[in-house]
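Residue-level structure breakdown
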Amino acid sequence: MKTETTIQGLSASLQTARAARKVIGFVATMGNLHEGHLNLVREARRLCDVVVVSIFVNPTQFGPNEDFDNYPRTLEQDSHLLAEVECDILFAPSVEQMYGTQPRLTTIHVEKITEDLCGLQRPGHFDGVALVVTKLLNIVQPTYAFFGEKDYQQLAVIKQFVQDLSIPVDVIGVPITRAGDGLALSSRNGYLTVEQRKIAPIIYQLLQTSSARLKEGATLDMVLRDIRQSLTEAGFVVDYVEARAVNLSHVESFEQDVVLFVAAKLGNTRLIDNLVVKYSKLIG
Ligand code: AMP
């Protein structure tokens, strides 16, 4: 596996692949890699000739009171893991390499679908994501780019601007990878204390129970209220518990596939999760 830290170096490394019209797969990460990330890389490996993974903790997607400075940076360990899953090129640029030293005057803002869920508590977050992903897609110019369904809203935002800006890439969503106890893997899980780590899987348990209850006829309002109450009782500070259609539009009742969304803080650690509940199972 090659490691490149500059845009120029990466372009040079990809030159032969591009000339030979190889299928280039790309996975964007902020590092501190776990099985969730590695499954994205495995999927890229399965579908593509050349796999590029970026590790870049992107300052523009963190709010002023968020964990940018403390975000875990474990490049050496990540590099070993990526070699094991046969990544071809690791792109690990500096902030200066990505953003330069001149003032930036361009914003990429996706409307509507960024306005609620994580967009409410994290103003500007999705603008930062849209900006860095656009830059990375322009730099790597992959055929396929792989993103996790764990960040469901982020995936929707990326699909939207890729379509709106005619970026020539196929965006592929990859299912959530979970720990054995159901907790969605996340680099932020490392912030949890031993005690909090035992509590955290409740989020997924509640999502699953709610899915079953919806299929048995409970209303969305009932299950959302109960998730919120159970999380609070377990010691979480709930950010949001919401249901949306798969395209993130609002839904009043369970008469189509819905996605249940949870964002909640355990101590200082903000956890998110989601579960798609298929409507067809109710009637089929
Ligand atoms: P991050 O390093 O948190 O920016 O994540 C990089 C990519 O990995 C994003 O597309 C995430 O959605 C994806 N990802 C992170 N955790 C998981 C997980 N548990 N399952 C699936 N994808 C994930």
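Conventions used here
- Residues numbered from 1 in each chain as written.
- Predicted model: local features only at pLDDT ≥ 70, side-chain atom pairs only at ≥ 80, totals over all residues.
- Heavy atoms only, no water.
- UniProt positions renumbered as here; feature names shortened; annotations may be inferred.
- Near = heavy atom within 4 Å.
- Polar contact = N/O pair within 3.5 Å; in protein donor to acceptor, adjacent residues only side chain to side chain.
- Areas by Shrake-Rupley, 256 points an atom, 1.4 Å probe, with all protein chains shown as cover.
- Helix = DSSP H or I, 4+ residues; strand = E, 2+ residues; numbered from the N terminus.
- Expected span 1.5 Å × (residues − 1).
- Buried < 20%, exposed > 50% of the residue type's maximum accessible area, 1.4 Å probe, protein only.
- Arc of directions from axis to C-beta.
- Pairing = 2+ DSSP bridges.
- Axes fitted to C-alpha atoms, helices over the stretch in contact; angles between N-to-C directions.
- Contact = heavy atoms within 4.5 Å.
- Parallel < 35°, antiparallel > 145°, perpendicular 65-115°, else oblique.
- Left-handed = near helix turned anticlockwise from the far one by under 90°.
- Nonpolar A, V, L, I, M, F, W, Y, C, P; charged D, E, K, R; others polar.
- Domains from an automatic or database assignment.
- Buried area = accessible area lost by both parts, 1.4 Å probe.
- Salt bridge = Lys/Arg side-chain N within 4 Å of Asp/Glu carboxyl O.
- Phe/Tyr/Trp six-rings, centres within 6.5 Å; stacked < 30°, edge-to-face > 60°.
- Lys NZ or Arg CZ within 6 Å of the ring centre and 35° of its normal.

An unreviewed UniProt entry lists the protein chain under the name Pantothenate synthetase, with Acinetobacter rudis given as the organism. According to the UniProt record, the Pathway (unreviewed entry) comment for the protein chain reads "Cofactor biosynthesis; (R)-pantothenate biosynthesis; (R)-pantothenate from (R)-pantoate and beta-alanine: step 1/1." According to UniProt, the comment filed for the protein chain under the heading Subunit (unreviewed entry) is "Homodimer."

**A look at the site of the ligand**
Every one of the 17 residues lining the ligand counts as a neighbour, but His37, Gly148, Asp151, Thr177 and Leu185 are closest to it. Separating an oxygen atom of the ligand from a side-chain N or O atom of histidine 37 is a distance of 2.9 Å. Between threonine 177 and the ligand, the recorded distance is 2.8 Å, taken from a backbone N or O atom to a nitrogen atom. A total of 480 Å² of accessible area belongs to the ligand in isolation, and the protein chains cover 92% of it.

**Quick look at the UniProt feature "binding site: beta-alanine" (unreviewed entry) in the protein chain**
Following the UniProt record, one finds the feature "binding site: beta-alanine" (unreviewed entry) at Gln61. Here glutamine 61 shows up in the loop between strand S3 (50-55) and helix H3 (75-84).

**Quick look at helix H10 (residues 220-233)**
With 14 residues, H10 should reach 20 Å at 1.5 Å per residue; the first-to-last C-alpha distance of 20 Å fits that figure. Within the sequence span of H10, burial applies to Leu220, Val223, Leu224, Ile227 and Leu231. Buried residues of H10, seen end-on, are gathered within an arc of 100 degrees and therefore sit on one face of the element. Facing away from the buried side of H10 by over 90 degrees, the exposed positions are Asp221, Arg225 and Glu233.

**So, the sheet that holds strand S8 (residues 258-266)**
Strand order in the open sheet made by the three strands is S7-S8-S9, with antiparallel pairing throughout. Here the strands that pair on one side only, and so sit at the sheet edges, are strand S7 (237-245) and strand S9 (269-277). Taking each pair of neighbouring strands and ignoring which way they run, the sheet shows an average axis angle of 10 degrees. As paired strands, S7 and S8 are joined by eight bridges and run antiparallel to one another. Along S8, the bridge assignment pairs alanine 245 with valine 258. Against the sheet, helix H9 (residues 202-215) engages S8 and S9, with an angle of about 25 degrees to S9.

**Here's the deal with the packing of H9 against H10**
The geometry of H9 relative to H10 is characterised by a closest axis approach of 10 Å and an angle of 160 degrees between their N-to-C directions. Between H9 and H10, the angle falls in the class roughly antiparallel. The way H9 lies across H10 gives a crossing that is right-handed. Contacts from Ile202, Ile203, Leu206, Leu207, Ser210, Arg213 and Leu214 in H9 reach Leu220, Met222, Val223, Asp226, Ile227, Ser230 and Leu231 in H10. Class assignment of the residues belonging to the contact of H9 with H10 gives a composition of 10 nonpolar, two polar and two charged.

**Digging into the side chain of serine 54**
By the element assignment, serine 54 lies in strand S3. Classification of serine 54 by relative accessible area gives buried; the value is 0%. Setting aside anything within four residues of it in sequence, one finds serine 54 in contact with Phe26, Val27, Ala28, Thr29, Phe91 and Leu136.

**Focus: the domain arrangement of the protein chain**
When its domains are assigned, the protein chain resolves into domain 1 (2-174) and domain 2 (187-277). Taking only C-alpha atoms, the centre of domain 1 and the centre of domain 2 are 26 Å apart. Contact with domain 1, which involves 21 residues of that partner, is made by 17 residues of domain 2. Counting the surface lost from both domain 1 and domain 2, the interface buries some 1,600 Å², and carbon and sulfur atoms represent 53% of this. Applying the counting criterion to the domain 1 and domain 2 interface returns two salt bridges.

**With respect to the packing of aromatic side chains**
Counted according to the given criterion, the structure contains six aromatic pairs. Ring geometry for tyrosine 152 against phenylalanine 261: centres 5.4 Å apart, planes inclined by 80 degrees, an arrangement best described as edge-to-face. Within this pair, whereas tyrosine 152 is found in helix H7 (residues 152-164), its partner phenylalanine 261 is found in strand S8, the two being separated by 109 residues in sequence. Given a relative accessible area of 13%, tyrosine 152 falls into the buried group. Given the relative accessible area of 4%, phenylalanine 261 is considered buried. Ring geometry for phenylalanine 254 versus tyrosine 279: centroids 5.3 Å apart, planes at 90 degrees, classification edge-to-face. Here phenylalanine 254, found in the loop between S7 and S8, pairs with tyrosine 279, found in the loop between S9 and helix H11 (280-283); they are 25 residues apart in sequence, far enough to count as distant. Within the aromatic cluster, the residues linked to one another by ring pairs are Phe62, Phe68 and Tyr71. Over the ring of phenylalanine 68 we find arginine 73; its NZ or CZ atom is 4.8 Å from the centre of that ring. One Lys or Arg, arginine 178, reaches over the ring of tyrosine 204 and ends 3.5 Å from the middle of that ring.

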